[in-house]
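What the coordinates show
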Number of protein chains: 2
Amino acid sequence: METDRDAVEPRDGRRARGARTRDAALAAAVQLASVEGLEGLSIAHLASRLGTAKSSVHAAFGSKEALQVAVVARTRDILIELVIAPALTFPGGVARLTALGEGWMSYLEAKTFEGGCVLSSASLEMDGRPGAARDAVAGVMREWLDLLTSNVERAVAAGEIRAEIDPAQLAFELNAVGMAANWQSQLFGEAFSYQTGRAGWRGLLESNKASS
Amino acid sequence: METDRDAVEPRDGRRARGARTRDAALAAAVQLASVEGLEGLSIAHLASRLGTAKSSVHAAFGSKEALQVAVVARTRDILIELVIAPALTFPGGVARLTALGEGWMSYLEAKTFEGGCVLSSASLEMDGRPGAARDAVAGVMREWLDLLTSNVERAVAAGEIRAEIDPAQLAFELNAVGMAANWQSQLFGEAFSYQTGRAGWRGLLESNKASS
DNA sequence: ATTAAATATGGACGATCGTCCGTATATAAT
DNA sequence: ATTATATACGGACGATCGTCCATATTTAAT
């Protein structure tokens, strides 16, 4: 998910400087977006947090929309690193699905993002606003749901999950539980325990277990 | 959920006029908020849609925050009317829970709100912004979850649902499925079928059925 | 009819926003 | 050293926002 600009001439110190700037800016932008939302994220606010001119931030990304897209891409990278990659060490199917659920909950519990999962809030925030940012969010979410679905399919093929179920349906339900955990923890704070999310994820896998 | 102003002297035609104005403004505000979000809802935009001066809208509600709170209260009223009240005609327990799920999905399917359930998006949007609006959202959501929980408890008491389950846990899962349905329908449009939400809700009740 | 009160209006205010432009600075190429 | 290029900067622009104020209008009370 690198921009063309980065890829053209990686050895150019000028572009490297720009890339470092964008990189640092993105790290702050992701945190800001997790709190303020993808739309609430403002170039002005981000610049002031970075201590740079706001025109610099604008120049680094080109437009607010491009910044939003970059934030989504970065969030995707972080999610892959913290949740998906660790789960890939487990065999596909129920084991990997379990690892994905556990990884997701741990990632939320660790408060990687101050304001909760950016993608969750963004997907509800952007739903009424056509544009590149919305498409980026929808794309990542589609990827995520497909990942869940394909692992349910493998679990069915391996005889771990009942063959009668619709893989996309179970993937939908697993995702629903995870998003709800993110949501309730943000809204109710300490009053919510991630064990509820873990139990929900586990329960879905259990109750759809193949009756061997 | 009426303001003090309305309650003081209901026969006062001046206040009645104001109440009518607020009422009409709220109807438009709720639609706008469902698309733009609770924070994206602006007094200026609302006024232009109503064809009135923006200072009039401001005067009617007092502040943007008060407008947001009023929108939440109105959304709650609509939800009670369209989803909860019909379900109350069914006996408490699984029957009522089933009716709540069906009512919720139908209400989403009917696109009562252009941009999807205001409360769902608002609860994720407001989570990082302390204030009256956030508290209002959290309060309504708490009510909703409590309603689900208490019906699960009744279902357990009636022997319809396994006694080992945690009522709050199942309520969490049911709510997760409903919110996810709202969310996916907004993000993926026609590609999402509310049957997925219905099946999820039904599946949760089925798989937690008491083994009589 | 007059006075009082509640609501509606238009105009103005400062704040914040995204964007653009001329220019300064840092790095590369020659 | 000089020229070319990519990035960073400060300043300005118009647009939009929430809020306030003086005033007009509608309804109630006397």
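Whatever comes next refers back to the structure up there.
Think of each chain on its own: its residues are numbered from 1, step by step along the sequence as written. The lettering of chains begins at A and the numbering of ligands begins at 1, in the order of writing. Only residues with pLDDT of at least 70 get local features here, since the model is predicted, and only at 80 or more are side-chain atom pairs given and counted; chain-wide, interface and lining totals rely on the full set of residues. Calculated side-chain values reflect all of the structure's heavy atoms, with hydrogen atoms and water omitted.

Right, let's get into the overall build of chain A. If you tally the helices and strands in chain A, you get 10 helices and 0 strands. Strands here are runs of E lasting at least two residues and helices are runs of H or I lasting at least four, both read from the DSSP assignment and numbered beginning at the N terminus. Start at the N end of chain A and walk to the C end: the helices and strands fall as α-α-α-α-α-α-α-α-α-α. Each principal axis of the C-alpha distribution contributes one length, and for chain A these read about 65 × 40 × 30 Å. Exposed residues in this analysis have more than 50% of their type's maximum accessible area, buried residues have under 20%, and partly exposed residues fall in between, with area computed by a 1.4 Å probe over protein chains only. Sorting the 212 residues of chain A into buried and exposed places 50% on the buried side. Considering only intrachain contacts with a sequence separation of at least 6, the fraction spanning at least 24 residues in chain A is 66%. As displayed, chain A has an accessible area near 9500 Å², and 53% of this comes from carbon and sulfur atoms. Both charge centroids of chain A, one from 22 positive and one from 26 negative side chains, sit 6 Å from each other. By the convention used here, residues are in contact when the closest approach between their heavy atoms is within 4.5 Å. Throughout, the Shrake-Rupley method with a 1.4 Å probe supplies accessible areas, and for residues the shown protein chains are the sole cover considered. His is not counted, nor are the chain ends; Lys and Arg add positive charge and Asp and Glu add negative charge. Working definition for charges: the position is that of NZ of Lys, CZ of Arg, CG of Asp or CD of Glu.

Interfaces are often sized by the amount of accessible area the parts lose when they come together. Counting from both sides, the interface comprises 38 residues of chain A and, opposite them, 38 residues of chain B. Across the interface of chain A and chain B, roughly 3200 Å² is buried in total on both sides, 66% from carbon and sulfur atoms. Computed with a 1.4 Å rolling probe, the buried area is the accessible surface lost when two parts are put together, summed over both parts. Three residues, Leu-124, Phe-172 and Trp-183 of chain A, lead the burial of chain A against chain B; their summed loss comes to 23% of the area buried on that side. Whenever a nitrogen or oxygen atom comes within 3.5 Å of another N or O atom, the pair is scored as a polar contact, on the condition that within protein one atom can donate a hydrogen and the other can accept it, and that pairs from neighbouring residues in sequence are kept only if both atoms are in side chains. Summed over the shared surface of chain A and chain B, the result is 10 residue pairs in polar contact (both at pLDDT 80 or more). Contributions of two or more residues to the side of chain A that touches chain B are made by helix H2 (13-36), helix H7 (118-125), helix H8 (132-157), helix H9 (167-188) and helix H10 (194-207) of chain A.

Residue proximity to a molecule or strand is established when one non-hydrogen atom of the residue lies within 4 Å of it. Every one of the 24 residues lining DNA strand D counts as a neighbour, but Arg-14, Thr-21, Ser-55 and Ser-56 of chain A together with Lys-64 of chain B are closest to it. Protein-proximal atoms of DNA strand D, defined as those within 4 Å of the protein, fall in sugar or phosphate at a share of 69%. Between Gly-13 of chain B and DNA strand D, the recorded distance is 3.0 Å, taken from a backbone N or O atom to a phosphate oxygen. Within the backbone of Ala-44 of chain B, a nitrogen or oxygen atom sits 3.3 Å from a phosphate oxygen of DNA strand D. Of all the elements in the fold, those that place two or more residues in the surface near DNA strand D are H2 and helix H4 (54-61) of chain A together with helix H2 (13-40), helix H3 (43-50) and helix H4 (54-61) of chain B. Broken down by element, the surface near DNA strand D gets its largest block of residues, 5 residues, from H2 of chain A. Here the term charged refers only to Asp, Glu, Lys and Arg, the term nonpolar to Ala, Val, Leu, Ile, Met, Phe, Trp, Tyr, Cys and Pro, and the term polar to all other amino acids, Gly among them. Looking at the surface near DNA strand D residue by residue, the classes come out as 4 nonpolar, 10 polar and 10 charged.

Our focus in this paragraph is H4 of chain B. All names here are of chain B. For H4, the set of buried residues is Val-57, Ala-60 and Phe-61. Projected onto a plane normal to the axis of H4, the buried residues spread over an arc of 80 degrees and lie on a single side. Exposed and oriented more than 90 degrees from the buried face of H4 are Ser-55 and Ala-59. Just downstream of H4 lies Gly-62, where phi reads positive at about 100 degrees. Read the arc as the range of directions from the helix axis to the C-beta atoms.

Quick look at the packing of aromatic side chains now. Any two of the Phe, Tyr and Trp rings considered here, Trp counted by its six-membered ring, make a pair once their centres fall within 6.5 Å; the pair's planes then place it as stacked at under 30 degrees, edge-to-face at over 60, or tilted in between. Under the defined criterion, the tally for this structure stands at 12 aromatic pairs over all chains. Between Tyr-107 of chain A and Phe-113 of chain A the ring centres are 6.0 Å apart and the planes differ by 85 degrees, which places this aromatic pair in the edge-to-face class. What makes Tyr-107 of chain A buried here is its relative accessible area of 5%. The buried category is assigned to Phe-113 of chain A, whose relative accessible area is 5%. Their ring planes at 80 degrees and their centres at 5.1 Å tell us that Trp-104 of chain B and Trp-144 of chain B sit as a pair that is edge-to-face.

Our next topic: the nonpolar core. Residues Val-71, Leu-100 and Trp-104 of chain A together with Val-71, Leu-100 and Trp-104 of chain B are the most contacted members of the largest nonpolar core, which totals 137 residues. For Trp-104 of chain A, the residues in contact, after removing those within four places along its chain, are Val-83, Trp-144, Leu-174, Asn-175, Gly-178, Met-179 and Trp-201 of chain A. As used here, the term nonpolar core means buried Ala, Val, Leu, Ile, Met, Phe, Trp, Tyr and Cys residues forming a set that is joined through side-chain atoms within 4.5 Å.

The next thing to look at is the relation of the copies chain A and chain B. Overlaid copies result from least-squares superposition on C-alpha atoms, with residues included only where pLDDT is at least 70 in both. Mapping chain A onto chain B is achieved by rotating through 180 degrees and translating by 0.0 Å along the same axis, at an RMSD of 0.0 Å. The transformation relating the two chain copies, once decomposed into turn and shift, fits a two-fold axis. The rotation axis passes nearest to the C-alpha of Ala-176 of chain A in chain A, at a distance of 2.6 Å. Mapped onto chain B, 100% of the interface residues of chain A again fall at the interface, so both copies present the same surface.

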